[in-house]
Amino acid sequence: MNEGSARVINGREIAANLYQEMKKDVERLKERHILPGLAIIRVGNDYASGIYVNNKIKRSLEIGIHAKQYHIEETVSQAALIDKIETLNNDSKVHGIIIQLPLPRHIDPFSVIHAIHPAKDVDGFHPINVGKLTLGEPCLQPCTPQGCIVMLETVIKDFAGLHAVVIGRSNIVGRPMSTMLLAKNCTVTICHSYTKNLADITRTADIIIAAAGKPKFITKDMVKKGAVVLDVGINRINLGDDNYMMCGDVDFKEVSRVASYISPVPGGVGQLTVAMLIKNVIKAASMTRSFLDKVNR
Ligand code: NAD
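Residues numbered from 1 in each chain as written. Predicted model: local features only at pLDDT ≥ 70, side-chain atom pairs only at ≥ 80, totals over all residues. Heavy atoms only, no water.

A. Region of interest: the pattern of salt bridges. Under the definition given, this model contains 8 salt bridges. The salt bridge involving D200 is made with R203; its shortest N-O contact spans 2.8 Å. A residue is classified by how much of its surface remains accessible, and D200, at 44% relative accessible area, is partly exposed. Residues joined by salt bridges that share partners form a network here, namely K58, R59 and E62. (Salt bridge = Lys/Arg side-chain N within 4 Å of Asp/Glu carboxyl O. Buried < 20%, exposed > 50% of the residue type's maximum accessible area, 1.4 Å probe, protein only.)

B. Spatial organisation of a nonpolar patch on the surface. A cluster of nonpolar residues, Y47, I51, Y52, I234 and M246, forms a patch on the protein surface that exposes about 530 Å² of accessible area. Looking at where I234 falls in the secondary structure, it is placed in the loop between strand 8 (228–231) and strand 9 (235–240). (Patch = residues over 30% accessible without salt bridge, like charges linked within 9 Å, V, L, I, M, F, W, Y side chains within 5 Å. Areas by Shrake-Rupley, 256 points an atom, 1.4 Å probe, with all protein chains shown as cover. Helix = DSSP H or I, 4+ residues; strand = E, 2+ residues; numbered from the N terminus.)

C. Just the packing of helix 6 (residues 143–153) against helix 7 (residues 174–183), in detail. Viewed as axis vectors pointing N to C, helix 6 and helix 7 meet at an angle of 40°, and their least axial separation amounts to 9 Å. Considering their axes alone, helix 6 and helix 7 lie oblique with respect to each other. Seen from above, helix 6 lies across helix 7 with right-handed handedness. Between helix 6 and helix 7, the contacting residues are P145, Q146, C148, I149 and L152 on the first element and P176, M177, M180 and L181 on the second. Among the residues forming the contact of helix 6 with helix 7, the class breakdown is 8 nonpolar, 1 polar and no charged. (Axes fitted to C-alpha atoms, helices over the stretch in contact; angles between N-to-C directions. Parallel < 35°, antiparallel > 145°, perpendicular 65-115°, else oblique. Left-handed = near helix turned anticlockwise from the far one by under 90°. Contact = heavy atoms within 4.5 Å. Nonpolar A, V, L, I, M, F, W, Y, C, P; charged D, E, K, R; others polar.)

D. Structural detail: the sheet that holds strand 6 (residues 187–191). In space, the 6 strands of this open sheet follow the order 1-11-8-7-5-6, with parallel pairing throughout. Across the chains shown, the open sheet's two edge strands, defined by having one partner strand only, are strand 1 (7–8) and strand 6. Across the face of the sheet, helix 6 comes into contact with strand 7 (207–210) and strand 8 while running at roughly 150° to strand 8. With respect to the sheet, helix 7 is in contact with strand 5 (163–167), strand 6 and strand 7, its orientation differing from that of strand 5 by roughly 170°. (Pairing = 2+ DSSP bridges.)

E. Broad picture of helix 7. Listed in full, the buried residues belonging to helix 7 are G174, P176, M177, S178, M180 and L181. Those residues of helix 7 hidden inside the fold are in contact with helix 5 (127–135), helix 6, strand 5, strand 6 and strand 7. Where helix 7 terminates, the next one or two residues include N185, which has phi positive at roughly 70°.

F. How the structure looks around the sheet that holds strand 3 (residues 66–72). Taken together, the 3 strands give an open sheet; going across it, the order is 3-2-4, and neighbouring strands pair in parallel fashion. This sheet does not close on itself; its edge strands, each paired only once, are strand 3 and strand 4 (96–99). For this sheet the average axis-to-axis angle between neighbouring strands, irrespective of direction, equals 15°. As paired strands, strand 2 (residues 37–43) and strand 4 are joined by 4 bridges and run parallel to one another. For A39, the partnering residue across the bridge sits in strand 4 and is I97. Strands in contact with helix 3 (residues 78–89) are strand 2, strand 3 and strand 4; relative to strand 2, the strand with the most contacts, it is inclined by about 175°.

Take a look at the structure:
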């Protein structure tokens with residue numbers, strides 16, 4: 001790996017190339033009379049969720065996927081929400097279902113995620129998909145770590161034996177990320193809020209995945225020369241007077257001096273998260289048809 005001034009892993013560029021391929025995949029599905037369909041359930045009026053959902057819908061439509069938002073009032077009961085999911089599970093035009101998190105406090109996210117049919121779970125959060133990922137079986141994989149792997153593959157040829165340090169152990173980023181890096185034959189260390197001497201660990205890493213949600217938390221002194229650093233964090237910093245700035249978990253400017261490759265925020269991992277969601281919808285749509293083909297044979 002290079003040493004010195006880091007090269008930027010450009011998420012926008014990588015995603016743009018993937019979208020070109022995905023458009024062709026959708027065309028091929030349409031030739032088989034399959035229009036991939038995505039249903040996004042959003043509960044309440046969380047501001048950030050609104051932006052994320054609109055972005056997912058916009059991108060899906062650009063690729064030729066049918067995408068629809070089901071915007072449900074904040075006071076909806078858990079039972080009514082699960083009924084809605086059941087309806088979408090039984091709708092053959094819907095191949096992928098996601099619930100935009102966070103949910104209001106009176107709703108248990110696990111119960112709601114469990115209600116999604118695993119074959120339509122395009123976020124890859126259902127226990128069946130989590131279990132399959134852990135066992136190394138084909139499944140719908142969580143989008144953000146899947147996107148991180150795609151980004152890493154653009155700059156690393158052989159992952160075997162590399163020390164990957166994942167900072168964060170959430171179900172949506174840290175844990176599946178660790179599983180995927182293990183599957184690539186990395187030696188994986190998972191760090192979290194109780195980890196002692198974090199910097200001593202990160203300094204031994206060939207790959208650092210920062211997903212703690214702490215602005216500019218990874219500093220230059222924590223990074224080995226030549227390491228590859230992916231910044232998953234999305235932090236909104238209040239600059240006063242209603243001015244906000246988005247930044248990652250990595251001190252980009254300083255860490256760029258030692259890393260070989262680094263992903264920026266914005267324009268990094270977030271771009272791939274949406275791309276992987278759309279890829280999962282296409283995959284789910286293709287799986288449905290191959291399943292039906294087998295049944296009808
Ligand atoms: P989370 O709050 O669920 O998990 C954060 C993790 O960081 C926890 O496991 C915690 O133990 C660990 N952590 C916290 N402080 C730490 C410390 N001082 N040292 C070591 N570990 C520490 O968050 P999440 O959902 O995993 O998201 C993490 C970040 O990634 C957030 O900023 C989130 O906005 C962002 N995110 C970005 C994308 C994307 O598409 N780019 C997708 C999902 C999440």
